[in-house]
Amino acid sequence: MIKGELDLSVIIISYNTRKLTLDCLESLYKETMNLNFETILVDNASEDDSVSAVKEEYPQVRVIALKENIGFAKANNLACESACGRYLLLLNPDTVIINNAVENILVFAQQNQEAGIWGGRTIFPDGSLNTTSCYGEMTPWSLFCRAFGLTVLFRDSSLFNSECFGSWQYDSVRHVSIVTGCFMLIKTSLWKQLEGFDPLFFMYGEEVDFCIRAKKLGYKPMFSPAAEIIHYGGASEKSKMIRSEKVFRAKATIIRKNWSKRSVGFGIWMLLLWVASRAVIMKIISVVAPKKHTAQGEKWFHVWRKRKEWRKGFCHSY
């Protein structure tokens, strides 16, 4: 295939998600019949026979099997080095394509070229809304609202819950700040201009940083509900405690890298207050109602205990 001839390059990063990856590929080829596309899968040293299973069932997929886990950001960068499509679609292995979602998102992109980055609607297997497909940018105000519980008290308010868009049901076309990497369409020329994801991010936060950098170039990511997929979420990270710790490390990195110097200290303190307040609430609940001492509480306790590590971010040289 001559470079530039393809409409799309679909990029999948797998890590011990054999069954889900196979289901994802099945849905991708079943629901994407009218596009000229390629699929590149980078496997981050899975131990569940993912590589041989994909090669056997989907020989058309270009598989890059790594001997070590290099993380989500670096794996995407590696895959995109050899991608030939005019557009790149970053697709999680724990997703299922439905109702021609890939074709729909590409049509939407062609109609809204100025966005540079496009995302679609995600749902859970039972059909309920999964709000992780896109969100607003983290700001000093949004972190203040999280730290003091305003996002919980006024969940449907776009003022106090700006990162999650208040009561919006992800049912209309709109500009968004961040499109998440589970289903993220990017113009290949923009990817090359920004040199892909910042490899500093191992996992979580890389798409946030990418969208922030794209915004500085004048691009405005867009969302379309016409492109809908199923997203299970968290398949490659079995421990919610470890996942949450990594998420906060990513948030600290984003703050240190992208916020003004005088705002960084405030942002880190708001992250700490956010975690501390939730840990205290969970501790009170565990005393008053021991039977309600759940994994949710353990998650917040763990993140608080690890605060000296994650507050530095992936690198604290910014």
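Residues numbered from 1 in each chain as written. Predicted model: local features only at pLDDT ≥ 70, side-chain atom pairs only at ≥ 80, totals over all residues. Heavy atoms only, no water.

## Topic: the overall build of the protein
Part 1 of the argument: Across its full length, the protein holds twelve helices and twelve strands.
Part 2 of the argument: Since a compact globule built from 318 residues should have a radius of gyration of about 20 Å, the 20 Å found for the protein is in line with a globular shape.
Part 3 of the argument: Structurally, the protein occupies a C-alpha span of about 60 × 40 × 40 Å along its principal axes.
Part 4 of the argument: Counting contacts in the protein only where the partners sit at least 6 residues apart, residues at least 24 apart contribute 78% of the total.
Part 5 of the argument: When the accessible area of the protein is evaluated, it comes to approximately 15,000 Å², of which 55% is carbon and sulfur surface.
Part 6 of the argument: Across the protein, the centroid of the 40 positively charged side chains sits 11 Å from that of the 32 negatively charged ones. (Helix = DSSP H or I, 4+ residues; strand = E, 2+ residues; numbered from the N terminus. Rg over C-alpha atoms; globule rule 2.2 N^0.38 Å. Contact = heavy atoms within 4.5 Å. Areas by Shrake-Rupley, 256 points an atom, 1.4 Å probe, with all protein chains shown as cover. Lys, Arg positive; Asp, Glu negative; His and termini not counted. Charge placed at Lys NZ, Arg CZ, Asp CG, Glu CD.)

## Some points on the nonpolar core
Part 1 of the argument: In this structure, M184, F210 and L271 are the most contacted members of the largest nonpolar core, which totals 60 residues.
Part 2 of the argument: Considering each element in turn, this core owes the most residues, nine residues, to helix 10 (residues 261-288).
Part 3 of the argument: Ignoring any residue separated from it by four or fewer positions in sequence, one finds M184 in contact with L88, L89, L90, I117, W118, V179, F197, E207, F210 and C211.
Part 4 of the argument: Of all hydrophobic cores here, the second largest spans 34 residues; its members include C24, V63, A101 and C182. (Core = buried A, V, L, I, M, F, W, Y, C linked by side-chain atoms within 4.5 Å. Buried < 20%, exposed > 50% of the residue type's maximum accessible area, 1.4 Å probe, protein only.)

## So, empty space enclosed by the protein
Sizing a probe to match a water molecule and rolling it over the atoms shows the empty space that remains.
Part 1 of the argument: Applying the stated criterion to the full structure yields one cavity of 30 Å³ or more.
Part 2 of the argument: As a volume, the largest cavity reaches approximately 30 Å³.
Part 3 of the argument: Of all the elements in the fold, those that place two or more residues in the lining of the largest cavity are helix 8 (206-216) and helix 9 (240-258).
Part 4 of the argument: Classifying every residue of the lining of the largest cavity by side-chain character gives five nonpolar, one polar and one charged. (1 Å grid on protein atoms, 1.4 Å probe; cavity = no way out; pocket = protein on both sides within 12 Å on 5 of 7 lines; lining within 4 Å. Points joined across faces, edges and corners; volume = space filled by probe spheres on them. Nonpolar A, V, L, I, M, F, W, Y, C, P; charged D, E, K, R; others polar.)

## Structural notes on the pairing of strand 4 (residues 87-91)
Part 1 of the argument: Extensive coverage of strand 4 is indicated by the burial of five of its five residues.
Part 2 of the argument: Side chains Y87, L89 and L91 project from strand 4 onto one buried face, and the interleaved L88 and L90 project onto a second face that is buried too.
Part 3 of the argument: In this sheet, strand 4 lies alongside strand 1 (residues 8-14) in parallel orientation, the contact comprising four bridges. Bridge assignment links V10 to a residue of strand 4, and that residue is L89.
Part 4 of the argument: Two strands pair when backbone bridges link them, and strand 4 and strand 11 (residues 183-187) are joined in this way by five bridges, in the antiparallel orientation. Bridge pairing links L88 to I186 in strand 11. (Pairing = 2+ DSSP bridges.)

## Comments concerning the environment of D7
Part 1 of the argument: Tracing the backbone through its elements, the reader meets D7 in the segment before strand 1.
Part 2 of the argument: Residues D7 and D126, spaced 119 residues apart in sequence, show a C-alpha to C-alpha distance of 32 Å.
Part 3 of the argument: Apart from the residues within four sequence positions on either side, D7 is in contact with L35, N36, G85, R86, Y87 and L106.

## Digging into the environment of K240
Part 1 of the argument: Residue position: K240 is located in helix 9.
Part 2 of the argument: K240 gets classed as exposed once you look at its relative accessible area, which sits at 64%.
Part 3 of the argument: Along the chain, K240 and A295 lie 55 residues apart, while their C-alpha atoms are 8.4 Å from each other.

## Re the side chain of H231
Part 1 of the argument: Topologically, H231 is positioned in strand 12 (residues 222-231).
Part 2 of the argument: On the accessibility criterion, H231 (7% relative accessible area) is buried.
Part 3 of the argument: Sequence-distant contacts of H231, defined by excluding residues within four places in its chain, comprise N92, D94, T95, T122, I123, F124, N130, T132 and C182.

## Some remarks on a negative patch on the surface
Part 1 of the argument: On the surface, E26, D49, E56 and E57 cluster together into a patch of negative charge.
Part 2 of the argument: Mapped onto the elements of the fold, E57 is located in helix 2 (residues 50-57).
Part 3 of the argument: Taking relative accessible area as the criterion, E57 reaches 47% and is therefore assigned partly exposed. (Patch = residues over 30% accessible without salt bridge, like charges linked within 9 Å, V, L, I, M, F, W, Y side chains within 5 Å. Salt bridge = Lys/Arg side-chain N within 4 Å of Asp/Glu carboxyl O.)

## Re the packing of helix 9 against helix 11 (residues 295-305)
Part 1 of the argument: The interhelical angle for the contact between helix 9 and helix 11, taken along N-to-C directions, is 45°, at an axis separation of 9 Å. Our classification of the angle between helix 9 and helix 11 gives oblique. In this structure, helix 9 meets helix 11 at a crossing whose hand is right-handed. Residues K240, M241, I242, S244, E245 and F248 of helix 9 touch helix 11, and the partners they reach there are E298, K299, W300, H302 and V303.
Part 2 of the argument: Its residues assigned to classes, the contact of helix 9 with helix 11 shows five nonpolar, two polar and four charged. (Axes fitted to C-alpha atoms, helices over the stretch in contact; angles between N-to-C directions. Parallel < 35°, antiparallel > 145°, perpendicular 65-115°, else oblique. Left-handed = near helix turned anticlockwise from the far one by under 90°.)

## Comments concerning unusual backbone geometry
Negative phi values dominate among residues other than glycine, just as trans dominates among peptide bonds.
Part 1 of the argument: Its identity is not glycine, yet N100 carries a phi of approximately 55°, on the positive side.
Part 2 of the argument: Tracing the chain through its elements places N100 in the loop between strand 5 (95-97) and helix 4 (101-111).
Part 3 of the argument: Positive phi outside glycine occurs at Y204, with the angle close to 80°.
Part 4 of the argument: Among the secondary structure elements, Y204 is positioned in the loop between helix 7 (188-193) and helix 8.

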